[in-house]
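One letter stands for each residue in the lines below.
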Amino acid sequence: MISVQEADFNLNTQYQMLRAKDNTDGAIVTFIGLVRDFNQGHDVTGLFLEHYPAMTAKSLEKISDRAKERFKVNQLDIIHRVGQLALGDQIVYVGVSSPHREEAFACAQFVMDYLKKEAPFWKKETRKKQQQDVWIETNQKDKEALKKWQ
Amino acid sequence: MISVQEADFNLNTQYQMLRAKDNTDGAIVTFIGLVRDFNQGHDVTGLFLEHYPAMTAKSLEKISDRAKERFKVNQLDIIHRVGQLALGDQIVYVGVSSPHREEAFACAQFVMDYLKKEAPFWKKETRKKQQQDVWIETNQKDKEALKKWQ
Amino acid sequence: MIKVLFFGRLRELLDCSQLEITDFEQGTIAQLRLELANKGTKWAEFIAGNNALAAINQEMVEETSMINSGDEVAFFPPVTGG
Amino acid sequence: MIKVLFFGRLRELLDCSQLEITDFEQGTIAQLRLELANKGTKWAEFIAGNNALAAINQEMVEETSMINSGDEVAFFPPVTGG
């Protein structure tokens, strides 16, 4: 399941979907990304998530397909939110079920690493004084994260 | 938070505890281990989890301390169940919050790898015919999983 | 005719979210960058740079990828979702 | 006096979950294994082997670790939790 949405999501609902009575499931890994305070002391109020609507779901599906080809997983779900978010809000969810924990962990990390490199979302930090809104820069770690999969 | 208990746990409750309004939290990783069917076709009904009561919490605390020393995480919670469990039941929970996803993923994996090597729990697969109950063997992958942390 | 979209910081810098090039027949991403660079100083500065990634029909592409009439091309900064 | 505990498959194989050795003063885990091996065939077979891990006072230990009077020693198979 892949979804790009403005609405919030609920981990419990997602988890119930993952625990779909497959007796070969031994491991479930979930990742949730939250809006955090990137620049302390700048009166950060939250983030605006811009995206490229025609491309986002397509891009996440491609990442999901590659992940499922590479790792032995039973289910893989991805949700990414767009629009205005406040500090502490949920941004992204990745949920994986698999017979083995190694595959579940690796699959969730693989999805996040590629999402951070390829999925067309852009974060703008919103501040109390509107004119100071600042686009978040890519960080070097995210650029290098893909190396481990190559 | 570390707990060894017979009672089931609830991911949603745990997640709410992890999202404790720390604005530096950017990533939450949860791992849940489930009772899976190890030996298909043997009328597996579940698992009995034996443990060494005086040692289990102590052992998990040691693993948790080592993990917190090594990874920059804000919170780390571990729950491990004992006693009789049915197919599909939850066995173990690891929840991590951290500013960065790499640290959150690594910390959860580190805890699971050491738990599988050091924490005094033993699984016995229970079958329909009581006399056929079978102790689960350690697998080679779990023995080798620690290498990546050394 | 091709449609060209801009996103994120790039959209703001160029003050343009979308434009159409009616007389575009066929060419590479690199060629389209050169053509867009003629639109002014900011265009020359921001479109030519390595920091504008490119997609054709919603797929990330290389500099040598061919654009055909009818395609939707997009330029955008390195992504920062997740 | 020391207390010795057995867990999991080992407890079942030895048909013993706990015993006390009253005249034990001091010695290594390896020495205790030898002493227990004298209790019979099964003991010789299962306690001597590498597949019985050892703990002293709830901490995993090595073969050369010293046991002192009053300690709680445990032997058990490789763990399989998680």
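Note that the structure is a prediction, hence the values are computed from the model and not measured.

1. Remarks on the overall build of chain A
Regarding its fold elements, chain A presents four helices and eight strands. When the helices and strands of chain A are read in sequence order from the N terminus, they spell out β-α-β-β-α-β-β-β-α-β-β-α. Here the C-alpha radius of gyration of chain A, 16 Å, is about what a compact globule of 150 residues would show, namely 15 Å. Seen through its principal axes, chain A has C-alpha atoms that stretch 55 × 35 × 30 Å. Looking at chain A as a whole, 57% of its 150 residues are labelled buried. Split by element, the accessible area of chain A, about 6,300 Å² in all, is 46% carbon and sulfur. Put simply, chain A has 22 plus and 21 minus side-chain charges, and the middle of one group is 3 Å from the middle of the other.

2. Quick look at the interface of chain A and chain B
With 37 residues of chain A at the interface, the matching set in chain B holds 37 residues. Summed over both sides, the interface between chain A and chain B buries roughly 3,300 Å², with carbon and sulfur atoms accounting for 52% of that surface. For the interface between chain A and chain B, the tally reads two salt bridges. Residue aspartate 113 of chain A pairs with arginine 101 of chain B through a salt bridge whose shortest N-O separation is 2.7 Å. The tally of links between chain A and chain B comes to 15 residue pairs in polar contact (both at pLDDT 80 or more). If you list the elements that add at least two residues to the side of chain A that touches chain B, you get helix H1 (11–18), strand S2 (27–34), helix H3 (101–118) and helix H4 (140–144) of chain A. Its residues assigned to classes, the side of chain A that touches chain B comprises 15 nonpolar, eleven polar and eleven charged. With seven bridges joining them, S2 of chain A and strand S2 (residues 27–34) of chain B adopt antiparallel strand pairing. The partner of alanine 27 of chain A across the bridge, within S2 of chain B, is glycine 33 of chain B.

3. Comments concerning the packing of H3 of chain A against helix H3 (residues 101–118) of chain B
One can describe the packing of H3 of chain A onto H3 of chain B by two numbers: an axis separation of 11 Å at closest approach and a directional angle of 175°. By the criterion of interaxial angle, the relationship of H3 of chain A to H3 of chain B is roughly antiparallel. Residues Arg101, Phe105, Ala108, Gln109, Met112, Asp113 and Lys116 of chain A of H3 of chain A touch H3 of chain B, and the partners they reach there are Arg101, Phe105, Ala108, Gln109, Met112, Asp113 and Lys116 of chain B. Looking at the contact of H3 of chain A with H3 of chain B, its residues break down into six nonpolar, two polar and six charged.

4. Quick look at the sheet that holds strand S5 (residues 83–86) of chain B
The four strands are arranged S5-S3-S7-S8 (chain B) in an open sheet whose pairing can be described as antiparallel. What marks the edges here is a single partner per strand, and that holds for S5 and strand S8 (134–135) of chain B.

5. Re the environment of isoleucine 2 of chain D
All names here are of chain D. Position of isoleucine 2 relative to the elements: it lies in strand S1 (residues 2–6). Here isoleucine 2 falls in the buried class, since its relative accessible area comes to 0%. Not counting chain neighbours up to four residues away, the residues in contact with isoleucine 2 comprise Leu19, Glu20, Ile21, Phe24, Leu32, Ile67, Asn68, Ser69, Gly70, Asp71 and Val73.

6. Considering the packing of helix H2 (residues 53–70) of chain B against H3 of chain B
Residues and elements named next belong to chain B. Between H2 and H3, the least distance of the axes is 10 Å, while the angle of their chain directions is 145°. Remark: the crossing between H2 and H3 carries right-handed chirality. Along the contact surface, H2 presents Met55, Ser59, Leu60, Ile63, Arg66, Ala67 and Arg70, while H3 presents Cys107, Phe110, Val111, Tyr114, Leu115 and Glu118.

7. Overview of helix H2 (residues 29–37) of chain D
Restricting attention to buried positions, one finds in H2 of chain D the residues Ile29, Leu32, Arg33 and Leu36 of chain D. Buried residues in H2 of chain D, looked at end-on, bunch into an arc of 105°, giving them a common side.

8. Digging into the packing of aromatic side chains
One pass over the full model with this rule turns up 25 aromatic pairs over all chains. The interplanar angle of 75° and the centroid separation of 5.4 Å between the aromatic rings of phenylalanine 71 of chain A and phenylalanine 110 of chain A together place this pair among those described as edge-to-face. Remark: phenylalanine 110 of chain A occurs in helix H3 and phenylalanine 71 of chain A occurs in the loop between helix H2 (53–70) and strand S4 (75–81); sequence separation between them is 39 residues. In this structure phenylalanine 71 of chain A comes out as buried when scored by relative accessible area, which is 9%. Look at phenylalanine 110 of chain A and you get buried, because its relative accessible area is 2%. Three or more aromatic residues joined by ring pairs make a cluster, and in this case those are Tyr52 and Trp122 of chain A together with Phe7 and Phe76 of chain C. A cation over a ring is seen here: lysine 39 of chain C above tryptophan 43 of chain C, with NZ or CZ 5.0 Å from the ring centre.

9. Concerning the relation of the copies chain A and chain B
Once chain A has been moved 0.0 Å along the axis and rotated by 180°, it coincides with chain B to within an RMSD of 0.0 Å. Expressed as a symmetry operation, the mapping of one chain copy onto the other fits a two-fold axis. Comparing interface residues between copies, 100% of those in chain A also sit at the interface in chain B, which points to an isologous, same-surface contact.

10. Remarks on H3 of chain B
Compared with the 26 Å implied by 1.5 Å per residue over 18 residues, the 26 Å span of H3 of chain B between its first and last C-alpha is a close match. Within H3 of chain B, 15 of the 18 residues are buried, which leaves the element mostly enclosed by the surrounding structure.

Definitions and cut-offs
- Residues numbered from 1 in each chain as written.
- Chains lettered and ligands numbered in written order.
- Predicted model: local features only at pLDDT ≥ 70, side-chain atom pairs only at ≥ 80, totals over all residues.
- Heavy atoms only, no water.
- Helix = DSSP H or I, 4+ residues; strand = E, 2+ residues; numbered from the N terminus.
- Rg over C-alpha atoms; globule rule 2.2 N^0.38 Å.
- Buried < 20%, exposed > 50% of the residue type's maximum accessible area, 1.4 Å probe, protein only.
- Areas by Shrake-Rupley, 256 points an atom, 1.4 Å probe, with all protein chains shown as cover.
- Lys, Arg positive; Asp, Glu negative; His and termini not counted.
- Charge placed at Lys NZ, Arg CZ, Asp CG, Glu CD.
- Contact = heavy atoms within 4.5 Å.
- Buried area = accessible area lost by both parts, 1.4 Å probe.
- Salt bridge = Lys/Arg side-chain N within 4 Å of Asp/Glu carboxyl O.
- Polar contact = N/O pair within 3.5 Å; in protein donor to acceptor, adjacent residues only side chain to side chain.
- Nonpolar A, V, L, I, M, F, W, Y, C, P; charged D, E, K, R; others polar.
- Pairing = 2+ DSSP bridges.
- Axes fitted to C-alpha atoms, helices over the stretch in contact; angles between N-to-C directions.
- Parallel < 35°, antiparallel > 145°, perpendicular 65-115°, else oblique.
- Left-handed = near helix turned anticlockwise from the far one by under 90°.
- Arc of directions from axis to C-beta.
- Phe/Tyr/Trp six-rings, centres within 6.5 Å; stacked < 30°, edge-to-face > 60°.
- Lys NZ or Arg CZ within 6 Å of the ring centre and 35° of its normal.
- Least-squares fit on C-alpha atoms with pLDDT ≥ 70 in both.
- Expected span 1.5 Å × (residues − 1).

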